[in-house]
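Inside the fold
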Amino acid sequence: MTEHVLQFQRTKPAGRLEKAGLFLRRHRTPIIAIQWLIVLIYTGLVVIPAFLPLPPESAHIWDNLRLFAQFCFWGIWWPGVMIATVTLGRVWCGVFCPEGFISERVSRYGRGKPLPGWLKWSGWPFVAFICTTVYGQLVSVYEYPQAALLVLGGSTVAAIGVGLLYGREKRIWCRYLCPASGVFAVLAKIAPLHYKVDRAAWDHHKDKHKGDFEPVNCAPLVDVRRMTSASECHACGRCAGQRDAVALSWRSPAAEVLDAGNPARTPDALTLAYGVLGVATAAFQWTVSPWFQHIKMALAEWLVEHEHFALLDNDVPWWLLTHYPEASDLFTWLDGALVLAYLLGGGFLLGSLLLIGPAIASRLTVDKPLNWQRFTLALTPLAAASVILGLSMLTVSHLKAEHVWLGWLPAFRIALLGTGCLGSLALVFGLLRHAAGGLPRRLLAGVAMVWPVGLMATLWTLVFFVW
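Under the counting rule described, the total for this entry stands at zero disulfides. Cys72 forms no disulfide, and the closest cysteine sulfur to it belongs to Cys97, at a distance of 18 Å.

Turning our eyes to something else, we now look at the nonpolar core. Core analysis: the largest hydrophobic core is formed by 108 residues, its most contacted members being Phe73, Met82 and Trp460. What Phe73 contacts, discounting residues up to four positions off in sequence, is Tyr42, Leu45, Val46, Trp78 and Leu152. Counting residues in each nonpolar core, the second largest holds 22 residues, with Val197, Trp202, Val224 and Val246 among its members.

This model, assessed by the stated rule, comprises twelve salt bridges. Of the charged contacts, one joins Arg265 and Asp268 as a salt bridge, the two residues approaching to 3.2 Å between their closest N and O atoms. Of the charged contacts in the structure, one is a salt bridge between Lys296 and Asp335, with a shortest N-O distance of 3.0 Å. A residue pair is termed long-range when its members are at least 10 positions apart, and Lys296 in helix α14 (residues 290–305) and Asp335 in helix α15 (residues 333–364) qualify at 39 residues. For Lys296, a relative accessible area of 25% translates into the label partly exposed. Judged by relative accessible area, Asp335 falls into the buried class, the value being 7%.

The next point concerns the packing of helix α7 (residues 124–138) against helix α13 (residues 266–285). Closest axis-to-axis distance for the α7/α13 pair is 10 Å, and the angle between their directions is 0 degrees. Here α7 lies roughly parallel to α13, going by the angle between them. Taking contact as the criterion, the partners of Phe126, Phe129, Ile130, Thr133, Val134 and Gln137 in α7 are, on α13, Leu270, Thr271, Tyr274, Gly275, Val276, Val279, Ala280 and Ala283. When grouped by side-chain class, the residues that make up the contact of α7 with α13 number ten nonpolar, four polar and no charged.

The next thing to look at is the pairing of strand β2 (residues 246–250). Burial of β2 is extensive: four of the five residues sit out of reach of the surface. Alignment of strand β1 (residues 193–197) against β2, held across five bridges, turns out to be antiparallel. What sits directly across from His194, in β2, is Ser249.

This structure, assessed with the given rule, holds 20 aromatic pairs. An aromatic cluster is present here, built from Tyr42, Phe73, Trp74, Trp77, Trp78, Trp92 and Tyr142 joined pairwise through their rings.

Right, let's talk about a nonpolar patch on the surface for a bit. On the surface, a cluster of nonpolar side chains totalling about 530 Å² of accessible area is made up of Leu150, Leu311, Trp318, Trp319, Leu320 and Trp333. As for its placement among the helices and strands, Leu320 is situated in the loop between α14 and β3 (323–324). Among the residues examined, Leu320 registers a relative accessible area of 33% and is labelled partly exposed.

Criteria and cut-off values
Residue positions are given per chain, counted from 1 along the sequence in the order it is written. Given that this is a predicted model, residues contribute local features only at a pLDDT of at least 70 and side-chain atom pairs are listed and counted only at 80 or more, while totals for whole chains, interfaces and linings are drawn from all residues. Neither water nor hydrogens contribute to the side-chain values; these are computed over all heavy atoms in the structure. To count as a disulfide, a pair of cysteine sulfur atoms needs to be within 2.5 Å. Working definition of a nonpolar core: buried Ala, Val, Leu, Ile, Met, Phe, Trp, Tyr and Cys residues. They are joined through side-chain atoms within 4.5 Å. Buried residues are those whose accessible area, probed at 1.4 Å on protein chains only, stays under 20% of the maximum for their type, while exposed residues exceed 50% and partly exposed ones sit between those limits. Contacts are assigned to residue pairs that have any heavy atoms within 4.5 Å of one another. Every case where a carboxyl oxygen of Asp or Glu lies within 4 Å of a side-chain nitrogen of Lys or Arg is listed as a salt bridge. What counts as a helix is a DSSP run of H or I of at least four residues, what counts as a strand is a run of E of at least two, and both are numbered from the N terminus. Note on geometry: axes are lines fitted to C-alpha atoms, helical ones only across the stretch in contact, with angles between N-to-C directions running from 0 to 180 degrees. Roughly parallel means an angle under 35 degrees; roughly antiparallel means over 145; roughly perpendicular covers 65 to 115; every other angle is labelled oblique. Under the scheme applied here, ten amino acids are nonpolar (Ala, Val, Leu, Ile, Met, Phe, Trp, Tyr, Cys and Pro), four are charged (Asp, Glu, Lys and Arg), and all others, including Gly, are polar. Two strands make a pair as long as DSSP finds a minimum of two bridges between them. Aromatic pairs are defined between Phe, Tyr and Trp rings, using the six-membered ring for Trp, whenever the two ring centres lie within 6.5 Å; interplanar angles under 30 degrees are classed as stacked, those over 60 as edge-to-face, and all others as tilted. Patch membership requires more than 30% relative accessible area and the absence of a salt bridge. Residues of like charge join within 9 Å; the nonpolar side chains Val, Leu, Ile, Met, Phe, Trp and Tyr join within 5 Å. The Shrake-Rupley method, run with a 1.4 Å probe, gives the accessible areas here. Residue values count only the displayed protein chains as cover.

Structure follows, in structure tokens:
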């Protein structure tokens, strides 16, 4: 839409934040240039290190390109993406993500085939996240750039393929298949920035200025007029000012979860419980878990005693299990089986234990909107803290190797975990404040929701201060 049309439709002065959203819409050319730059940086960080030799023990992140790329990508980039999603919404998806951008660009030249029914299944992001997380751990995606190129490069190739097959200038991959989409959708629910749609203003202008509005190219296929959640919005700004009804705005981080008129979707709740808090937590902490080590040693001893050596063989392709002889890092079939079992079994066990609280709380309240899905989404602040804590472990590993002073780290971890726990409890009691069913039932529901918060706090306390 041209600037004069935007000026024509505006009937009230825009605030600074609203102007920022309008800026994103009016200045697409520099944004596209930034996106191309990020594509180049992303490609360099992922591709070049895969062809570099193993760094010597004396190497540092400032004098070894492979270490520098790993630190930038896993130590800064991905924790930063999660922090940005929690604070700014899905701006990473709409403005910066190289996969989404490339997929959308190539779709201009694609076949534009109609979307098949199977592709629209709402569970694909959850399944893709679980598969990517587990496979990444099996091949040590954080430690070895060859594995990172395989996982991330494969994802990018898939995004390009989907773009060439389906849609025209749309992000079909991002909407339905991206492994990170489900996580971003959950974390964006508590972002204090969002694009607010004034439905009344939209409908008022619909007939009054008919023909004066260019249609919005919403790349992730969001019905802008009916948009009430930040989960699917990519915060790209393309719809800012549309019909004088869409504006970048502040909101309470609790607003979306507490809004009874905003549906609490089952895929979001399952992604949060089994994905972000379940499997992802297991992925972050299995390497330091004494439980994992005890089980591994016991099974290995049993196999040796009974002369069953097949599972102890480490002659495994690197693209299937971690296999880097030059680094003395070799997974056996037993290692692979245990990692797979620990992440899937342990992650789903943890997710199921966490859901006990929301299940009990929803039974104790008689309000229909207060279902187990909404109580589960009240754990979103804790999920955000958990994933940031987990990713920051990679940052800390690099900093420790460089002998950087980390005396502040325990206080930081306690503060972040405490903020996540208190934020979730605040949402829980916000939901229960006006719930029907009487004070005793509401109090019992609140006590039930203390269980998942306390369980996650205990697990992270074990990881950081006991193990």
